[in-house]
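Next come the chains, spelled out residue by residue.
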Amino acid sequence: MGLFSFKQELAIDLGTANTVITKDGKIVLDEPSVVAFDLRTNEVLAIGHEAREMYEKGHAYIRTVRPLRDGVIADFSAAEQMIRGMIKSLNKKSRRLFNPSLRMVVCIPSGSTQVEIRAVHDSCEHAGGREVYMLFEPMAAAIGIGIDVLAPQGNMIVDIGGGTTEIAVISYGGIATKQSIRTAGDEFTNDIMNHMRQKHNVRIGERTAEQIKINVGAAIRELEDTPPDFEVCGADQMDTLPRKILVSSAEIAGCLDASIAKIEAAILKTLEETPPELYGDVISNGINLTGGGALLRGLDKRLTDRFGIKFIVPEEPLHAVAKGTGIALKNIETFNFLIQ
């Protein structure tokens, strides 16, 4: 039957760092949001993991692009090509004879402007979407971790993605208060790159900084389970000779402190704007941390100590938004908060 299906339904978490596609409640694609072009022909060379391997390593005829910046589309054409290529790869895996009609639900930051929302909608339509619905990321994250978003109860989500941190209090299927700031995973990566340059006089790229963040990234200096120091290889800025440096989690916690403080300020502002009855619910239920940033060691402890409210990291926080988008796809008729 798959060869002759006339309709295909896909849920897409179109993230700054990674794009996750869900179909029939299962994650069928999880790839970096990167596309590589051949400058001589302007054809797509690679998308996802293969393009990520080329990022910052290509030659004069290869251009690698991250189409999304700060949670929104920065390169319209590249975003369209990336989405189209990812959908095409799924159809190849399922051995379809032709491209079916597509119904999509796509995640967007809660602070998106109408222009940014239209850019996502148009990119998905040009990539083959016949019906395109959009969903705000904190709502998707809440659905993905099992919260009943239609219930008359306040639940707070802090979703730290690649480009934006989305903070929202959700009740009755709507967002009561929200903050969307462009301090998130990419900002942490930049902090690490700047720190290595200023303190150790060593130049490193985004990929190396990302590895440092994964291996020894932390939000507090004293951890219960401290990871081993991570060896970094880079070029000395003075003589360009190679240098090897051991980096600790305590050192990285120090360099990320200012960016995490910005997230704390946004959480505080959201709490200040939350109605008293919903605020009481938030204290009772705790605050849920989702997104890749939730994996930063000690972040939940730091925030719990800072606000006196329990911060909870659910299972698989990285895929909470993708799972929630998939559930929304199955409940398009029920969830009237979807944007078309």
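Residues numbered from 1 in each chain as written. Predicted model: local features only at pLDDT ≥ 70, side-chain atom pairs only at ≥ 80, totals over all residues. Heavy atoms only, no water.

## Topic: the overall build of the chain
Next up, step 1: Assigned secondary structure in the chain consists of 10 helices and 18 strands.
Next up, step 2: Taken over the C-alpha trace, the chain has a radius of gyration of 21 Å; the compact-globule value for 340 residues is 20 Å, and the two agree within 12%.
Next up, step 3: On the principal axes, the C-alpha backbone points of the chain span a range of 60 × 60 × 35 Å.
Next up, step 4: Put simply, the chain has 340 residues, and 53% of those count as buried.
Next up, step 5: For the chain, the proportion of contacts with a sequence separation of at least 24, taken over those separated by at least 6, is 64%.
Next up, step 6: Measuring between centres, the 37 positive side-chain charges of the chain sit 5 Å from its 45 negative side-chain charges. (Helix = DSSP H or I, 4+ residues; strand = E, 2+ residues; numbered from the N terminus. Rg over C-alpha atoms; globule rule 2.2 N^0.38 Å. Buried < 20%, exposed > 50% of the residue type's maximum accessible area, 1.4 Å probe, protein only. Contact = heavy atoms within 4.5 Å. Lys, Arg positive; Asp, Glu negative; His and termini not counted. Charge placed at Lys NZ, Arg CZ, Asp CG, Glu CD.)

## Overview of unusual backbone geometry
Next up, step 1: Although it is not a glycine, N201 adopts a positive phi angle of roughly 60°.
Next up, step 2: Structurally, the position occupied by N201 is in the loop between helix 5 (185–199) and strand 14 (202–203).
Next up, step 3: A positive phi angle is found at T240, which is not glycine, with a value near 60°.
Next up, step 4: By the element assignment, T240 lies in the loop between strand 15 (230–236) and strand 16 (242–247).
Next up, step 5: On the basis of relative accessibility, which here comes to 54%, the residue T240 falls in the exposed class.

## Brief notes about the sheet that holds strand 14
Next up, step 1: On the basis of which strands lie adjacent, the open sheet formed by 3 strands has the order 14-15-16 and antiparallel pairing. Edge strands, defined here as strands with exactly one partner in the open sheet, are strand 14 and strand 16.
Next up, step 2: Across 6 bridges, the pairing between strand 15 and strand 16 is antiparallel. Within strand 16, the position partnered with F230 by the bridge is V247. (Pairing = 2+ DSSP bridges.)

## With respect to the sheet that holds strand 4 (residues 35–38)
Next up, step 1: Read across the open sheet, the 3 strands follow the order 5-4-6; overall the sheet is antiparallel. For this open sheet the edge positions go to strand 5 (43–47) and strand 6 (62–65), each flanked by a neighbour on one side alone. Between one strand axis and the next, the sheet turns through 30° on average, direction left out of account.
Next up, step 2: Across 4 bridges, strand 4 lies against strand 6 in antiparallel orientation. Within strand 6, the residue paired with A36 across the bridge is T64. (Axes fitted to C-alpha atoms, helices over the stretch in contact; angles between N-to-C directions.)

## Considerations on the packing of aromatic side chains
Two aromatic rings are characterised by how far apart their centres lie and by the angle between their planes.
Next up, step 1: Taken as a whole and judged by the stated rule, the model has 2 aromatic pairs.
Next up, step 2: Between F335 and F337 the ring centres are 4.9 Å apart and the planes differ by 20°, which places this aromatic pair in the stacked class.
Next up, step 3: Exposure remark for F335: the relative accessible area of 9% places this residue in the buried category.
Next up, step 4: For R40, the ring lying beneath its charged end belongs to Y61, and the centroid distance is 4.6 Å.
Next up, step 5: Directly above the ring of F307 sits R306, whose terminal nitrogen or CZ lies 4.8 Å from the centroid. (Phe/Tyr/Trp six-rings, centres within 6.5 Å; stacked < 30°, edge-to-face > 60°. Lys NZ or Arg CZ within 6 Å of the ring centre and 35° of its normal.)

## Let's talk about the environment of R84
Next up, step 1: Structurally, R84 can be placed in helix 2 (residues 76–93).
Next up, step 2: Taking C-alpha positions, R84 is 21 Å from K323, a pair spaced 239 residues apart along the chain.

## A look at the environment of T270
Next up, step 1: Within the secondary structure, T270 is located in helix 7 (residues 249–273).
Next up, step 2: C-alpha separation for the pair T270 and M156, spaced 114 residues apart in sequence, amounts to 9.4 Å.
Next up, step 3: Setting aside its immediate chain neighbours within four residues, T270 contacts M156, I167, V169, T177, K178 and Q179.

## So, the packing of helix 4 (residues 137–144) against helix 10 (residues 320–330)
Next up, step 1: The interhelical angle for the contact between helix 4 and helix 10, taken along N-to-C directions, is 85°, at an axis separation of 6 Å. By the angle class used here, helix 4 and helix 10 are roughly perpendicular. Along its contact with helix 4, which presents E137, A140, A141, I143 and G144, the element helix 10 presents A320, V321, K323, G324, T325 and I327.
Next up, step 2: In terms of residue class, the contact of helix 4 with helix 10 is made up of 6 nonpolar, 3 polar and 2 charged. (Parallel < 35°, antiparallel > 145°, perpendicular 65-115°, else oblique. Nonpolar A, V, L, I, M, F, W, Y, C, P; charged D, E, K, R; others polar.)

## Brief notes about the confidence of the model for the chain
Next up, step 1: Here the chain shows a mean pLDDT of 89. Residues at 70 or above account for 96%.
Next up, step 2: When mean pLDDT is taken per element in the chain, strand 17 (residues 287–290) scores highest with 97 and strand 8 (residues 72–73) scores lowest with 82. (pLDDT = per-residue confidence, 0-100.)

## Remarks on the domain arrangement of the chain
Next up, step 1: When cut into domains, the chain gives domain 1 (7–141 + 321–330), domain 2 (151–183 + 257–318) and domain 3 (186–255).
Next up, step 2: Contacts between domain 2 and domain 3 engage 16 residues on the former and 17 residues on the latter.
Next up, step 3: Counting each side, the surface lost to burial between domain 2 and domain 3 is near 1,200 Å², with a carbon and sulfur contribution of 58%.
Next up, step 4: Scanning the region where domain 2 abuts domain 3 turns up 0 salt bridges. (Domains from an automatic or database assignment. Buried area = accessible area lost by both parts, 1.4 Å probe. Salt bridge = Lys/Arg side-chain N within 4 Å of Asp/Glu carboxyl O.)

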